[in-house]
Amino acid sequence: QKHSDNNNMGGGTAAKEHPVEYFCSSTLAAVVNYPLWRASALGQSGFRVCLAGANPLISNAASSFPALVPYFYAFSPPYKGMMATVMGMSWARAAIFYGSDRGKEVLESMGVSNTMSTVLPPLVVSTAVQCINMPLVRATITLQNPESPVRNIRESLRKIHASHGLSGLWHGTSAGILKTVPKYVTAVVVKDYVGKALPPVDPTSPNKDRDNLINSAIKSSAAGVAGAVLTNPLDVIRNEMFKTNLGLTDAVKALHKELGWDFLVRGMSKNIVAVSIPVASTIFFTDAFIQYTNSREDC
């Protein structure tokens, strides 16, 4: 059976038929958005950015627009840990979105309610992914500190292990789960809700492919922004735990002492860009790739 729930990615195509498209879309989104993720990590972690040794053109531009310094740095080499970061993001988002859509298909075929079928798969999959990926997440964020002499992911992992032991590699998992799970559950729920609310595309229309992509752009944008805004405070807390090695409660107290409740919105603008665009582009690219694959099969 080729067509299933119209709210799955791909305009109704069964997720089980397209694991490759999910992974390719996630990889493309990770590559395109790596500099934005880097700028977000700098802003939320409170790392001090200095462009003293940068290209004079970049340094002059940054001095004119100080608020954009993290972006100038993020888009400039060296891109420490880029390959590991991209691969970590790629498999994680692919697993979450594929697992969510495929899990929904399986649960609905078993007679589980639509609400549980929508919420349960991203809840379970994103929790598992966060636990597996945590050492890599901590190492890549730690590596972005401009003042750190650590050169690559391997050195970053070794330094964390040497300083804090094996458990230190999973330090921040609680905040990571509190941040990641709601983000992806929210994104999946909003994606499905907006997909239902949008007017259905006429399958006989000569513009049906364009209309499907427009609908995909709308639902993916809504899903990305909703997930980013909801989870920004937890991103800040998690990154503070990475930077200071404090526990969850102590990190919140330290942030509140330093910034008051303003810590809840620290790096918000960068996070909306860095989180919403990758999530939205992953959803959109998946729809586009699946639509392309289906059009080739129909020829």
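Refer to the structure printed above.
What you are looking at is a predicted structure, and each value in this text was computed from that prediction instead of being measured.

To continue, consider the overall build of the protein. Within the protein, the regular secondary structure consists of ten helices and zero strands. Walking the protein from its N terminus toward its C terminus, one meets helices and strands in the order α-α-α-α-α-α-α-α-α-α. Out of the 299 residues in the protein, the part that is buried amounts to 49%. A fraction of 77% describes how many contacts in the protein between residues 6 or more apart in sequence connect residues 24 or more apart. Taken as a whole, the protein presents about 14,000 Å² of accessible surface, with 66% of it coming from carbon and sulfur.

Structurally, tyrosine 22 is set in helix 1 (residues 19–45). Accessibility expressed as a relative area gives 1% for tyrosine 22, which makes it buried. When the C-alpha atoms of tyrosine 22 and isoleucine 283 are compared, they prove to be 8.6 Å apart, with 261 residues separating the residues in sequence.

Positive phi values are uncommon outside glycine, yet asparagine 245 reaches one of about 65°. Looking at the secondary structure, you find asparagine 245 in the loop between helix 8 (208–244) and helix 9 (248–259).

This part covers the environment of serine 76. Relative to the assigned elements, serine 76 resides in the loop between helix 3 (69–74) and helix 4 (82–109). Sequence-wise, serine 76 and proline 35 are 41 residues apart; in three dimensions their C-alpha atoms are separated by 8.5 Å.

What follows covers the packing of helix 4 against helix 7 (residues 173–197). With their axes 11 Å apart at the nearest point, helix 4 and helix 7 run at an angle of 50° to one another. When the interaxial angle is binned, helix 4 and helix 7 end up oblique. Note that helix 4 runs across helix 7; the crossing there is right-handed. Residues Arg93, Ile96, Phe97, Ser100, Asp101 and Lys104 of helix 4 pack against Tyr184, Val188, Lys191 and Asp192 of helix 7. Classifying every residue of the contact of helix 4 with helix 7 by side-chain character gives four nonpolar, one polar and five charged.

One finds Tyr22, Phe97, Tyr184, Ala223, Val279 and Ile283 to be the most contacted residues of the largest nonpolar core, which totals 18 residues. If you tally residues by element for this core, the top one is helix 7, at five residues. The residues touching valine 279, leaving out its near neighbours within four places in the chain, are Phe97, Tyr184, Ala187 and Gly224. Counting ten residues, the second-largest nonpolar core is a separate cluster that includes Ala41, Val86, Val137 and Ile141.

We now examine helix 5 (residues 114–143). For helix 5, spanning 30 residues, the distance from its first C-alpha to its last is 42 Å, which sits close to the expected 44 Å at 1.5 Å a residue. Along helix 5, the sharpest kink reaches roughly 60°, centred on asparagine 133 and followed within four residues by the proline proline 135.

Where charged atoms from two side chains of opposite charge come close, those side chains can pair. This model, assessed by the stated rule, comprises eight salt bridges. Among the ionic pairs, aspartate 101 bridges to lysine 191, the shortest N-O distance being 3.4 Å. Linking aspartate 101 in helix 4 with lysine 191 in helix 7, this pair joins segments that are 90 residues apart in sequence. Just as aspartate 101 is buried, lysine 191 falls in that class too. Here lysine 219 and aspartate 287 are joined by a salt bridge, their closest N and O atoms 3.6 Å apart. Here aspartate 287 lies in helix 10 (residues 268–298) and lysine 219 lies in helix 8, a separation of 68 residues in the sequence. A relative accessible area of 6% places lysine 219 in the buried class. Owing to a relative accessible area of 5%, aspartate 287 belongs among the buried residues under this scheme. What you see here is one network of salt bridges that share partners, running through Asp101, Lys104, Lys191 and Asp192.

With that out of the way, let us pick up the environment of tyrosine 34. Within the secondary structure layout, tyrosine 34 lies in helix 1. When its relative accessible area of 1% is taken as the criterion, tyrosine 34 is described as buried. For tyrosine 34 and threonine 85, which are 51 residues apart along the polypeptide, the C-alpha to C-alpha distance reads 7.8 Å. With sequence-adjacent residues up to four places away left out, tyrosine 34 is seen in contact with Tyr79, Lys80, Met82, Thr85, Val86 and Gln144. For tyrosine 34, the side chain forms a polar contact with the main-chain oxygen of lysine 80, separated by 3.2 Å.

Parameters and conventions
Residues numbered from 1 in each chain as written. Predicted model: local features only at pLDDT ≥ 70, side-chain atom pairs only at ≥ 80, totals over all residues. Heavy atoms only, no water. Helix = DSSP H or I, 4+ residues; strand = E, 2+ residues; numbered from the N terminus. Buried < 20%, exposed > 50% of the residue type's maximum accessible area, 1.4 Å probe, protein only. Contact = heavy atoms within 4.5 Å. Areas by Shrake-Rupley, 256 points an atom, 1.4 Å probe, with all protein chains shown as cover. Axes fitted to C-alpha atoms, helices over the stretch in contact; angles between N-to-C directions. Parallel < 35°, antiparallel > 145°, perpendicular 65-115°, else oblique. Left-handed = near helix turned anticlockwise from the far one by under 90°. Nonpolar A, V, L, I, M, F, W, Y, C, P; charged D, E, K, R; others polar. Core = buried A, V, L, I, M, F, W, Y, C linked by side-chain atoms within 4.5 Å. Expected span 1.5 Å × (residues − 1). Bend = angle between axes of the 7 residues up to and from the residue. Salt bridge = Lys/Arg side-chain N within 4 Å of Asp/Glu carboxyl O. Polar contact = N/O pair within 3.5 Å; in protein donor to acceptor, adjacent residues only side chain to side chain.

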